[in-house]
Every structure is written in structure tokens, then in C-alpha cells.
Amino acid sequence: MGEEIAISLKNISKCFKCYIHPVDRLKEKFLPGSSRANEFWALRDINLEIPKGETVGIVGKNGSGKSTLLQIIAGILTPTTGEVIVNGRVSALLELGSGFNPEFTGRQNIFFNGRLLGLSQKEIEDRFEAIASFADIGDFIDQPVKTYSSGMFVRLAFAVAVNVDPEILIVDEALAVGDIVFQHRCMRRMRSLMDSGVTTLFVSHDSGAVKTLCNSAVMIHQGKIYFSGIPNAVIINYMKLVTETELGIESTKENSPKKQQINQQKLVTTQPARRGNRKALIKNVRLLNQLGEELTETPTLGFNEQVTLILELHIYEELQACIVGFFICDKNGNELIGSNTFEENHPIGKLEPGEQLKIEFKFHLPLRPGSYSLTVAGAENYTAMTFDWIDNAMVFQVLPPDTGKRIHALVDMPISVQVSPQKLTAIRK
Ligand SMILES: Nc1ncnc2c1ncn2[C@@H]1O[C@H](COP(=O)(O)OP(=O)(O)OP(=O)(O)O)[C@@H](O)[C@H]1O
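Residues numbered from 1 in each chain as written. Predicted model: local features only at pLDDT ≥ 70, side-chain atom pairs only at ≥ 80, totals over all residues.

Digging into the overall build of the protein
Basically, it comes down to this: Only runs of H or I of at least four residues qualify as helices and only runs of E of at least two qualify as strands under DSSP, and these elements are numbered from the N terminus. The burial label depends on the number of other C-beta atoms within 10 Å of a residue's C-beta. Counts of 20 or more mean buried, 12 or fewer mean exposed, and intermediate counts mean partly exposed, with C-beta atoms placed from the backbone. With C-beta atoms placed from the backbone, a contact is any residue pair whose C-beta atoms sit within 7 Å.
Looking only at helices and strands, the protein has 8 helices and 18 strands in total. For the protein, the proportion of its 429 residues judged to be buried stands at 34%. For the protein, the share of sequence-separated contacts (at least 6 apart) that also reach a separation of at least 24 residues comes to 73%.

Here it is, written out as C-alpha cells:
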């Protein structure tokens, strides 16, 4: 295996045996060949290589096999077939309570866990203060962890996981809970670990977090890799699958999109991707520049230029109401600008089949120079399934400001600055 590969999975499958009666497990042990178990394949033929330093988001519906996959990588579960090669020290936050002894205090568990992770007594002593202050659970550090609330438990587990100099960090986002201050602390710490080159895998149901944090993503479906590649493309396919499931169109591996080798394609996905129940369709999407000219094949817009987005809505089935909106997304799919007819005080009432609407949005693009995409979508109301959702309906470039001003943030809003001399007051000792 090359030096640069942190994790390599070859033909990994995992079969769980489910026994109807616990005694059947014993019978099978003593009477080999007479299996009484129902077999359930949670993972099938997983092949994946994760380069060192990569941050990989794992997405998929409940029960698709995400946790099983991470547990195999973390060495908590043994695969039924295949080979796992992990190159580096793994720190995992997967199952609440795994690796913690309920009778030990928080302090004792920090040492216990540190040793499990391969640190020496001295190394743990050196890190103890950092772990305790990250967990921030006060005097509870000297109480047995069986007395902890689940929030305190997660704080301690997370504090240990991120402060033991992991080379590979595996986190189930569902566990990274806590109050908002702790969540921010976790996110900052995870970002700094990622920036320092720690290979990170995390399961997330938050598509925004996957797009913001990850360099690549893997979508698991029915125990198989359904799609892998740049986060935005994976999320688009995931959302498509979720919609298809809601509509009762079940996707299988056979009709899955072409699998990409992870980390090979870092370009913006420019192919439009469409989903929805098609009760109405958004047609003829046009973006006009401030002169009213339609954008050409390689659309380019000036910094902060005013644009007009024009959509045509064709109704095919009766709609009780209708909300149509848009997003301007950066190359990672983060939604930077967006609104809809409802929020802009243009509620649309009942619509009949055969009706057509023309909808216009006017807005500015105060965006950092770069490449952006347009998403347009519509639904009957906020809780209904979208009737039409088109990601990458258009991709365009924004040019730097003529003034030469450098834009450091994602968006640039008008800001006023005042600088005035201040009389210094002497500091008395
Ligand atoms: N120990 C086990 N014995 C039997 N079946 C199991 C076991 N662990 C997991 N499974 C099954 O394997 C499948 C995959 O489970 P897994 O927990 O990996 O899914 P997941 O994608 O992480 O789901 P979620 O998003 O709900 O956490 C599920 O159908 C689950 O019921």
C-alpha cells in the first residue's frame, strides 16, 4: 500500500447472523453445519481507498450500513470477508460508552482510554489538562462516569478522541451533540485537526456540514457504495435518492449513477441534476445581466452586478399553493444567496393544470470572484415534497471588483469603517 493511503478497504462484506431464539446460537456452535440463523448482509463488496489527510463524509439513509462501515475501519467489528488496511493511529467516537468503564471516574477513564489508544502514562499526563478543559465538566471529572448525563459523557468522549493526537479520526456526527458552545468548540477542533492533516471520516445527516467540511464523500445504500466523489455531487445524488424513495421509486445498485474513484474529481459538477414529483416543472431558466442580456455559454458576471433570474412554471397537476425559489451556491454547494416567492411577500395561491407562470427575481451578486451555480426549486408549501428541484441549472463566473479590492470572505457587504486617534489613559499599578 502506498504511503499516501490512510485507509484501504478491499471487497469488504459484513454478514450479521440473527437468531430467532438465543439457544439457536449455542446449538449451532455444538452442531456445526446446522445453521439456524437468518443471515443479513449489512455491507457487500466495499472497495474504497482514502488518501491521507482527506476529510470524508459518509452519507446514506438509516440502516444503509454507515456505522457498520466505520466500526470495521475502527477495528470494533471484524468484516466477514475482505481486507482492511489502516495506516495510522485511529481515534473513534462511534458508540456512546465504548471504551469507557462506567465504574471509573472521568479522570481514570481518560488514562484508561489513552492507554487503549497507545499513549504512554507520561503522554496522557501531558494531555490531561487539555482533555479536562475541553470536556469542561467541572468536578464531575472525579465522579464515576455512570453518574454522568449523556451530554457529559459525550463531552468527555469527544475531548479524549480529539486530544490524543489521532492520525485518523472517525466520528459519528449523531454523537457529537451537546450545547451550542460545545458544538462550536467541537467544530473548531475538528477543523484544526483536518487542517493539520488528520484523515477524518464522519457520518453525517447534515448535508451542509458535509459540503462545508469534507473534501470528498461516500454514499452508502443497501450496504453498497452507491456513489462517491466531491461532496456536492454526492449530496445531489443522495437527495435524489431520498426523493425517489418518497415517491416509491426504489433505486438499486444496478441503476445507481456511475461510481467515481474517490478524490479523483475535484472539479465543480456542472451537470444539471433534477428531482421532484413533477406536479409542476420549472422550465426555461434564464439569468440576465444588468444590461438585460441573456448569459451565453460561458456566463461571466461582474462583482456585485445586478441580475434578473427568470423562470417559467408549467403546472401539470392541481396545486393548493406554490412556493418557487432559488439558491446561488459556491463550488462546494454551500448556499450563499437565495430566497423564494413566499419570503419575498408574493404568495402564490391555487393553480390548475395547464396554467403557466413567469417568475422574476432581481438581486445582486456581492460574491468573492469564482465559480457559482444556480439551483431553482418549487414546492406546494414548506412541508410538501418539491415538485421540481434543479441543482446546477446554470454555472457562471463572478469577476473581481474593478476597484481592486480583495474579497476575503464568501460575500462582501457594504461596511463603513471609522478610525480615530484615541487618547491613551495611563494604567495605574
Ligand atoms: N449487530 C447487529 N446484528 C444484526 N444486524 C445488525 C447489527 N448491527 C447492524 N445491523 C443491521 O445492519 C444494517 C446497517 O446498520 P448500520 O447501523 O450500519 O446502519 P446506519 O447506516 O449506520 O444507520 P443509521 O443512520 O440509522 O445509524 C441495519 O439494517 C442494521 O439493522
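A word on the packing of helix H4 (residues 121–135) against helix H5 (residues 150–162)
The line we're drawing: To define axes, lines are fitted to C-alpha atoms, for helices over the stretch in contact only, and angles between the resulting N-to-C directions are given on a 0 to 180 degree scale. By convention the crossing between two helices is left-handed if the near helix lies anticlockwise of the far one by an angle smaller than a right angle, and right-handed if it lies clockwise. Under the convention adopted here, Pro, Cys and the residues Ala, Val, Leu, Ile, Met, Phe, Trp and Tyr are nonpolar, Asp, Glu, Lys and Arg are charged, and Gly plus all remaining residues are polar.
Contact pair H4 / H5: the axes reach a minimum separation of 8 Å and the direction vectors enclose 145°. Between H4 and H5 the crossing geometry is right-handed. Along its contact with H4, which presents Ile131, Phe134 and Ala135, the element H5 presents Arg155, Leu156, Ala159 and Val160. Considering only residue class, the contact of H4 with H5 consists of 6 nonpolar, no polar and 1 charged.

Section: the sheet that holds strand S16 (residues 356–364)
Rule in force here: DSSP bridges decide pairing: two strands pair if at least two such bridges lie between them.
Here we have 3 strands laid out as an open sheet, ordered S11-S13-S16, and antiparallel in their pairing. Because the sheet does not close on itself, it has two edges, and the strands there are strand S11 (280–288) and S16. Across the sheet, the axes of successive neighbouring strands diverge by a mean angle of 20°, strand direction being ignored. Pairing analysis gives 7 bridges linking S11 to strand S13 (residues 306–315), with the strands arranged antiparallel.

Some points on the site of the ligand
Quick note on the threshold: The C-beta atom of each residue is placed using the backbone, and any residue whose C-beta lies within 6 Å of a molecule or strand is treated as near it.
The full set of residues close to the ligand is Phe16, Cys18, Phe40, Ala42, Gly60, Asn62, Gly63, Ser64, Gly65, Lys66, Ser67 and Thr68. In terms of residue count, helix H2 (residues 66–73) provides more of the shell around the ligand than any other element does, 3 residues in total. Counted by class, the shell around the ligand contains 4 nonpolar, 7 polar and 1 charged residues.

Section: the environment of Met219
With respect to the helices, strands and loops of the structure, Met219 is situated in strand S8 (residues 216–221). Between the alpha carbons of Met219 and Val234 there is a distance of 6.5 Å; along the sequence they are 15 residues apart. Among all residues touching Met219, those that are not within four sequence positions of it are Val59, Gly60, Tyr226, Phe227, Ser228, Val234, Asn237 and Tyr238.

Let's talk about the domain arrangement of the protein
Where we set the bar: Where each domain starts and ends comes from a domain assignment, either automatic or drawn from a database.
Assigned domains of the protein: these are domain 1 (5–255) and domain 2 (273–398). Centre-to-centre separation of domain 1 and domain 2, based on C-alpha positions: 37 Å. Across the contact, 11 residues belong to domain 1 and 9 residues belong to domain 2. Taken together, the elements giving at least two residues each to the side of domain 1 that touches domain 2 come down to helix H7 (207–213) and helix H8 (231–246).

Here we look at helix H6 (residues 180–195)
Test applied: Helix span, as expected, comes to 1.5 Å for every residue beyond the first.
For H6, spanning 16 residues, the distance from its first C-alpha to its last is 22 Å, which sits close to the expected 22 Å at 1.5 Å a residue. The elements touched by buried residues of H6 are H5, strand S6 (168–172) and strand S7 (199–203).

Some points on the confidence of the model for the protein
In plain terms, the rule: Looking at any residue, its pLDDT shows the predictor's confidence there, from 0 to 100.
Residue-level pLDDT values for the protein average 86, and 89% of them are 70 or greater. Considering only residues more than four positions removed or in separate chains, one finds that residues 258–268, a stretch of pLDDT under 50, has 23 contacts. Here the complex is predicted with pTM 0.74, and the ipTM for its interfaces comes to 0.96.

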